[in-house]
Structure formats: structure tokens, C-alpha cells
Amino acid sequence: MKSLKVVFLGTPEFAKTALEAIHQSHHEVVGVVTVADKASGRGQKIHQSPVKIFAEENNLPVFQPEKLRNTEFLEQIRSLNADVFVVVAFRMMPKVLFEMPKIGTFNLHASLLPDYRGAAPINYAVINGEKTTGVTTFFINEKIDEGNILLQEELEILPNENAGSLHDRLMEIGSKLIVTTLDGLAENTIEERPQPQVEHPKNAYKIFKEDTKINWDAPSKSIHQFILGMSPYPAAFTTLKIGEEEKGLKIFNGRFEISEHNKTIGTLEISKNSFKIYTSDGTYEPLELQLEGKKRMTVKDFLNGFRNFDEIKMA
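The residue numbering used here restarts from 1 in each chain and proceeds along that chain's sequence as written. Restriction of local features to residues with pLDDT of at least 70 applies here, the model being predicted, together with a cutoff of 80 or more for giving and counting side-chain atom pairs; totals for whole chains, interfaces and linings are based on all residues. Hydrogens and water are ignored here; the side-chain numbers use all heavy atoms of the structure.

**Focus on the overall build of the protein**
Working step 1: Helix and strand definitions follow DSSP, with helices as H or I runs of at least four residues and strands as E runs of at least two, each counted in order from the N terminus. If you tally the helices and strands in the protein, you get 8 helices and 16 strands.
Working step 2: In terms of overall dimensions, the protein has a C-alpha envelope of 70 × 45 × 30 Å along the principal axes.
Working step 3: Residue burial in the protein is summarised as follows: out of 315 residues, 49% are buried.
Working step 4: Any two residues having at least one pair of non-hydrogen atoms within 4.5 Å are treated as being in contact. Considering only contacts in the protein between residues 6 or more positions apart, those separated by 24 or more positions represent 64%.
Working step 5: With residues, only the protein chains shown are counted as cover, and all accessible areas are computed by Shrake-Rupley using a 1.4 Å probe. Element-wise, carbon and sulfur atoms account for 47% of the exposed surface of the protein, whose accessible area totals about 16700 Å².
Working step 6: Positive charge is attributed to Lys and Arg, negative charge to Asp and Glu, and no charge count is given to His or to the chain ends. A single reference atom marks each charge: NZ on Lys, CZ on Arg, CG on Asp, CD on Glu. Charge separation in the protein, taken as the distance between the mean sites of 37 positive and 43 negative side-chain charges, equals 5 Å. The classification of residues rests on relative accessible area computed with a 1.4 Å probe and restricted to protein chains. Under 20% of the type maximum is buried, over 50% is exposed, and intermediate values are partly exposed.

**A word on the pairing of strand E1 (residues 5-10)**
Working step 1: By the criterion of burial, E1 is predominantly enclosed, with 5 of the 6 residues buried.
Working step 2: A pair of strands is treated as paired once DSSP finds two or more bridges between them. Where E1 lies against strand E2 (residues 28-33), 5 bridges are found, and the strand directions are parallel. Looking at the pairing, Leu9 lines up with Val33 of E2.
Working step 3: With respect to chirality, the unit in which E1 leads through helix H1 (residues 13-24) into the neighbouring parallel E2 is right-handed.
Working step 4: Bridging between E1 and strand E6 (residues 84-88) involves 5 bridges; their strand directions are parallel. Counted as the bridge partner of Val6 is Val84 from E6. For a crossover, the right-handed case is the one in which the path from the first strand over the helix to the second runs clockwise, viewed with the strands pointing away from the viewer.

**Things to note about the environment of Glu20**
Working step 1: Checked against the element boundaries, Glu20 lands in helix H1.
Working step 2: Spatially, the C-alpha atom of Glu20 lies 9.0 Å from that of Val51, the residues being 31 residues apart in sequence.

**Remarks on the nonpolar core**
Working step 1: Here, nonpolar core means buried Ala, Val, Leu, Ile, Met, Phe, Trp, Tyr and Cys residues that are tied together by side-chain atoms lying within 4.5 Å of each other. Judged by nonpolar contacts, the single largest core of 40 residues is most densely connected at Phe8, Val86, Val88, Phe106, Leu170, Ile178 and Leu182.
Working step 2: The dominant element in this core, judged by the number of residues it contributes, is helix H6 (residues 163-187), at 10 residues.
Working step 3: Excluding anything up to four places from it in sequence, Phe8 contacts Ala15, Ala18, Leu19, Ile22, Gly31, Val32, Val33, Val51, Val86 and Val88.

**Description of helix H3 (residues 71-79)**
Working step 1: Burial in H3 covers these residues: Phe73, Leu74 and Ile77. Looking straight down H3, one finds that the buried residues subtend no more than 100° of arc, so they occupy a single side. Of the exposed residues in H3, the ones pointing more than 90 degrees away from its buried face are Thr71, Glu72 and Ser79.
Working step 2: Turning to H3, the residues buried within the fold contact E2, strand E5 (62-63), E6 and helix H4 (95-98).
Working step 3: For the purposes of these results, a polar contact is taken to be a pair of N or O atoms within 3.5 Å, where, inside protein, one atom must be able to donate a hydrogen and its partner to accept one; residues adjacent in sequence count only when each atom of the pair is a side-chain atom. Two or three places before Glu72, at the opening of H3, Asn70 has a side-chain oxygen 3.0 Å from that residue's backbone nitrogen.
Working step 4: One or two residues past the end of H3 sits Asn81, with phi positive at roughly 55°. Summarising the geometry, the arc corresponds to the directions from the helix axis toward the C-beta atoms.

**Concerning the domain arrangement of the protein**
By convention, interface size is frequently given as the accessible area that disappears when the constituent parts associate.
Working step 1: Residue ranges for the domains originate in an automatic or database domain assignment. Split by domain assignment, the protein resolves into domain 1 (5-187) and domain 2 (209-314).
Working step 2: Buried area is calculated as the accessible area (1.4 Å probe) missing from two parts once they are joined, with the contributions of both summed. Here domain 1 meets domain 2 over a buried area of about 730 Å², counting both sides, of which 55% is carbon and sulfur.
Working step 3: Summed over the three residues of domain 1 that lose the most area to domain 2, namely Ile127, Asn160 and Asn162, the buried surface amounts to 53% of that side.
Working step 4: Throughout this description, the term salt bridge denotes a Lys or Arg side-chain nitrogen within 4 Å of a carboxyl oxygen of Asp or Glu. Run the count over domain 1 and domain 2 and you get 0 salt bridges.

Right, dumping it as C-alpha cells:
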């Protein structure tokens, strides 16, 4: 089977797994492009991307341009004479870069396009209670996530699955789909096709802090899916008033019950053995949570940290 020369562009763990799969295949990785090292945390320690760490461990050439239009960087990449570029969880690319390779540049997206174009397809598939999702490889063009489809693979979303678990399963099938796509492009056996025209495709916009606040006025099942879709990252939150102090409370998992009640929505029912929040159509019971300034813990450990439950209210 013909071997392709590949330049890989990506940053997080999701991308690292894909790079590893290509490296272990018969295709040749001739260059790796990733984000510049960044200082973060209290000690401003320099952090390298998972993609860079893997590339250096395997003696793959690494490029970390601040700007993708930099002339020197573009010449370095052009000199690699790659057949194809593979992009996984990277940033917007200029046309001068993605049009460089002979075959083209394709991206792996964690949804069945055209649904869930955007930065957070895994989160929104869970939030919206989808039964299935999947991965798509497609040629990049100047519109975000709208290029011609190469291959797709569907995956069932498990009951009560959170975004973290789904991320890991999509990461595995996605890395395999990339190698299958490279094989098909090498042998010219893939027929690219335009994305179907959908009047109202489901979107997966970037999630900001304000988007993660729980709306207790929503139905219980919607709240449950929202919490699962935000877990473990960026994590759904609410705000408690403990005495005179307001503190954020992240909720990672829980269970709900549909029942009629005459309580005010958002009312807490809390004791040594129980923590329930009244919703529009029942109750939600957090099982894993994290109070601001504390570590993640079970609800039992959380409740053990209080003596006076009367001082805990919803802010």
C-alpha cells in the first residue's frame, strides 16, 4: 500500500492519540505543528502540548509558530513536500497553508457533520440528549467545518454517559478513522461528497463560563443532561449561600426524579443523608460535586463537612 507523507497539526490529548495512530501506521509523519509553549499555574511553569511531548519523544520535527502566516514558517512547511496535512483540534488555518499539500488538508471533527459544527460538539451532543454521534473526516475549506466529507463513523451514546467518557471513546475511533482516511486517499478509493444541506443544523458553539450555569427552572431530565454534558470539563455550576458567604458549586453527576411538588424551584432539601434541589417537575440529587476552594468529592463527603444545614441556601 502506498505511504503518504503527512504534516500533522494539533494540540490536546485528543490530537495526540491521532498523531500516535498515524505514527504507528505505514504513513510517514514528516512534521508536527502545535501551539507554542505556555506558562501557567501559580509558579508560571512552562507547559508543552500533549502533541509536542509525543512528537519529541518520537523524534518528529516540531514547529510552534506564533502566527501561521509567518513567511519563514510557511517555507519550512513547504520544504517538507508533504502529500497531505491532517488537522485535529487545532486553530483556524489560512488558505495559504491548508492549500499547500498536493492531496489537500483534512480535519477530524467529533460529530456527524453537518450537525454540531463548532468548538464543543461532544458537550452539546450529550447536553441535547442525542442517542448517537460520531466522527467525520473532511477536507478543510475557508468555512468552519463545512468542507467535503471523506469518511464518517457513528457511535452510540451510552445511557448516563458524560462528555468525558464520550470524548475518550470518540478519540479512539477518530484516530482509527484518520488512518483509514489516509489509506483511502493513498489508494484513491475515497469519493469526497459535499455536506448535506440542512436548514437548521445543530450547532456546537464555544462554551464560556456564563454558559455553564445550571438553570433550575428547566425540566429535570434537561438539567441532568446539561450536567453530564459539562462533565468533567468545563463543569456545570450553581451558587450556594453558606451563612453570609456565596460560593460556587460544581456538579459533575447526579440523578433526578420526576414528581409533583409545591416547593419553590431551586429550593434545597438538605440533611446529613440527603441533598435534593427542587426543579420545575421534580428533584435533582447531586452525587459528585466540588465546592469552591475544595476538591471534588462525593455528596456524602460534602455533607459530612457541615454541622448546620440550615445555613445552606441556594443563592
